Amino acid sequence: MNRSRSSQPPVTRMTRSAGSRHIEPSEKLDCGPGPYGKQRRKQTDSALAQDLSQMRVSGQGGLNTSPSASAVKSSSRGGLASVARLVKLGRCKNVVVVAGAGISTASGIPDFRTPGTGLYANLERYNIPYPEAIFNIDYFSNDPQPFFSLAKALYPGSHRPNYIHYFIRMLHRNGLLLRVYTQNIDGLEKLCGIPDDKLVEAHGSFATAACHLCYTAYPAEEAKQAIMNDKVPLCTFCAATVKPDVVFFGEDLPQKYFLNTQDFPKADLLIIMGTSLQIEPFASLVNTVRSTVPRLLLNRHAVGPFQKVPLRRADHMELGDLEETVRRFAEMLGWNDDIEELMRSQETLILPTLMSSPLSVSDQTSCQSRGSPDGTETSRAVGQRAAGSGSEETDSETDSKSSASSSQST
């Protein structure tokens, strides 16, 4: 992330904000002439609208016209099947995924806002004035310890990707993923094998570090070692506190974030997973797709525009346990076996990294839940390393071909 203010053009400068707003666009975005101009869009929108109008029925077989909350839940029950059918029909070739902390809870990382168990709740012992203060740069300057405590729980290397991450990877492998925009700083999207060119870490990452005052670069691994040992890394130039390049409130978003101006108008399916949609400007991204583009919310609770009753015509949501919901979605698409195989083959690559890092209690629980209680799944993955290397090479080739075909289609 380029942290120099002077190097970023004013027209593309945007900062992270704790405020929340949800604005529905009045009309479709005009991308101008070309392959994604108005003429082609009319054809695509018309076809999608026709499919959705045929499938927008409740589980009882009737149209959903009641504005009650129960009607919204009823109408959303067929959402997975409806969207799965669009994907299988080839209607969705440019899928954008918007993801939040909820996709990592199955990996043993708590989300931020769940009362009692969320990361914010676990920071109460620091007596911070309000939860988001740990991402306030002024508060960090005076007391970096609350953020460093959070960083220890999120640093890449001690958690493993879960089924949800590999579902996103499968979207890429099948040539359907245009981009995944994540609020997460845990690095699990990258660890599961999603290519860098398909990933936008909107709130930064731990991959680099710098002085929070003068922005002098600092070795990321040295910063990690200091933080893990409850020490404060200091800038060698001005002696101010060093922090990983995680975007704090009021700081500039990474330049890669601005790919959204190209991606969202081009998307023909938006999947929103595991996010409260409370942090701007990230939260408003979901409102920048065309009005006829299907938006599928997979979450524990209705958030953002999905709280409105009734839902927008092209909107679907499936509420409940996210990993279980994504697994059902994969089964409808016929992808479950491929995802399971992908997880096993990828395990041989990431296991050595995980074994070199101390696992937290939540990680050990997550590892046991994925395999059998005695750890035979992990042992089997290690034993298959030699045999799995060939399949992983094939998978890498498939990913490369999918990426190439995807770039050609865009």
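Residues numbered from 1 in each chain as written. Predicted model: local features only at pLDDT ≥ 70, side-chain atom pairs only at ≥ 80, totals over all residues. Heavy atoms only, no water.

Quick look at the sheet that holds strand 4 (residues 204-211)
Applicable threshold: Pairs of strands are assigned from DSSP output, requiring at least two bridges between the strands. We count a stretch as a helix when DSSP gives it H or I for four or more residues in a row; a strand needs E for two or more, and each element gets its number in order from the N terminus. Contacts are residue-level and defined by heavy atoms, with any inter-residue pair within 4.5 Å sufficient. Helix axes are fitted only over the stretch in contact, all axes being lines through C-alpha atoms; the angle between N-to-C directions runs from 0 to 180 degrees.
Reading across the sheet, the three strands line up as 5-4-6 and stay open at both edges, with antiparallel pairing between neighbours. Two strands lie at the open edges of the sheet, namely strand 5 (217-218) and strand 6 (242-246), each paired on one side alone. With four bridges joining them, strand 4 and strand 6 adopt antiparallel strand pairing. Its bridge partner lying in strand 6, G204 is registered against V246. Sitting on the sheet, helix 8 (residues 220-228) touches strand 4, strand 5 and strand 6, and the angle it makes with strand 4 is about 90 degrees.

Topic: the packing of helix 6 (residues 163-173) against helix 10 (residues 322-333)
Threshold: In a left-handed crossing the near helix is turned counterclockwise from the far helix by less than a right angle, and in a right-handed crossing that turn is clockwise. Each residue gets one of three labels, nonpolar for Ala, Val, Leu, Ile, Met, Phe, Trp, Tyr, Cys and Pro, charged for Asp, Glu, Lys and Arg, and polar for the others, Gly among them.
Across the interface, helix 6 lies against helix 10 with an axial gap of 9 Å and an inter-helix angle of 35 degrees. Note that helix 6 runs across helix 10; the crossing there is left-handed. For the pair helix 6 and helix 10, contact is made by Y163, I164 and F167 and by L322, E323, V326, R327, F329, A330 and L333, respectively. Among the residues making up the contact of helix 6 with helix 10, the classes are represented as eight nonpolar, no polar and two charged.

Some remarks on unusual backbone geometry
With glycine set apart, most residues show a phi of negative sign, and most peptide bonds adopt trans. Selection rule: Under the scheme applied here, a residue whose accessible area is under 20% of the maximum for its type counts as buried, over 50% as exposed, and between as partly exposed, the area being computed with a 1.4 Å probe on protein chains only.
The step from E280 to P281 runs through a cis peptide bond, and the omega angle for that step is 5 degrees. Following V309, the chain continues to P310 via a peptide bond in cis, the omega torsion being -5 degrees. Residue position: P310 is located in the loop between strand 8 (295-299) and strand 9 (315-319). Although it is not a glycine, Y215 sits at a positive phi angle of roughly 65 degrees. Positionally, Y215 belongs in the loop between strand 4 and strand 5. According to the relative accessible area criterion, Y215 is partly exposed, its value standing at 30%. Unusually for a residue other than glycine, A239 sits at a positive phi of about 70 degrees. Judged by its relative accessible area of 52%, A239 is exposed.

Description of the confidence of the model for the protein chain
The condition is simple: Summary of the metric used: pLDDT quantifies the predictor's per-residue confidence within the range 0 to 100.
For the protein chain, the average pLDDT comes to 74, and 63% of its residues sit at 70 or higher. Scored below 50 in pLDDT, residues 1-11 shows 20 contacts in the model against residues more than four places distant or in partner chains. Counting contacts from residues 20-75, a segment whose pLDDT is below 50, to residues more than four positions away or on other chains yields 89 contacts.

A few points about helix 6
Helical periodicity: at 3.6 residues per turn, an α-helix aligns residues three or four positions apart in one direction. For clarity, the threshold we go by: We define a polar contact as two N or O atoms separated by no more than 3.5 Å, with the added condition that, inside protein, one atom must be a possible hydrogen donor and the other a possible acceptor, whereas residues neighbouring each other in sequence contribute only through side-chain atom pairs.
Of all 11 residues that make up helix 6, 10 are buried, and the element is covered over most of its length. Within helix 6 the residues assigned to the buried category are Y163, I164, H165, Y166, F167, I168, R169, M170, L171 and H172. By the N-cap criterion, in which a side-chain oxygen at the helix start approaches the backbone nitrogen of a residue two or three places on, helix 6 is capped by N162, the distance to I164 being 2.8 Å.

Description of the pairing of strand 8
The buried fraction of strand 8 is high, at five of five residues. Covered by surrounding structure in strand 8 are R295, L297 and N299 together with L296 and L298, the residues of both alternating faces. Inspection of the sheet shows strand 7 (residues 269-273) paired to strand 8 by four bridges, in the parallel sense. What sits directly across from M273, in strand 8, is L298. Sheet topology note: the strand 8/strand 9 ladder contains five bridges and is parallel. Note on strand 9: the bridge partner recorded for L296 is H316.

A closer look at the nonpolar core
This is how it is decided: For this analysis, a nonpolar core means a set of buried residues of the types Ala, Val, Leu, Ile, Met, Phe, Trp, Tyr and Cys, connected via side-chain atoms within 4.5 Å.
Of all hydrophobic cores here, the largest spans 37 residues; its most connected members are F167, I271, M273, F329 and W335. Counting residues per element, the ones that place at least two in this core are helix 3 (79-88), strand 1 (95-99), helix 6, strand 2 (177-182), strand 7, strand 8, helix 10 and helix 11 (336-355). Ranked by residue count, the leading element in this core is helix 6, at seven residues. Non-local contacts of M273, meaning those with residues more than four positions away in its chain, are made with V97, V98, A99, G100, I103, I164, I168, L298, N299, L322 and V326. Counting residues in hydrophobic clusters, the runner-up holds 29 residues, among them I109, F135, Y139 and Y155.

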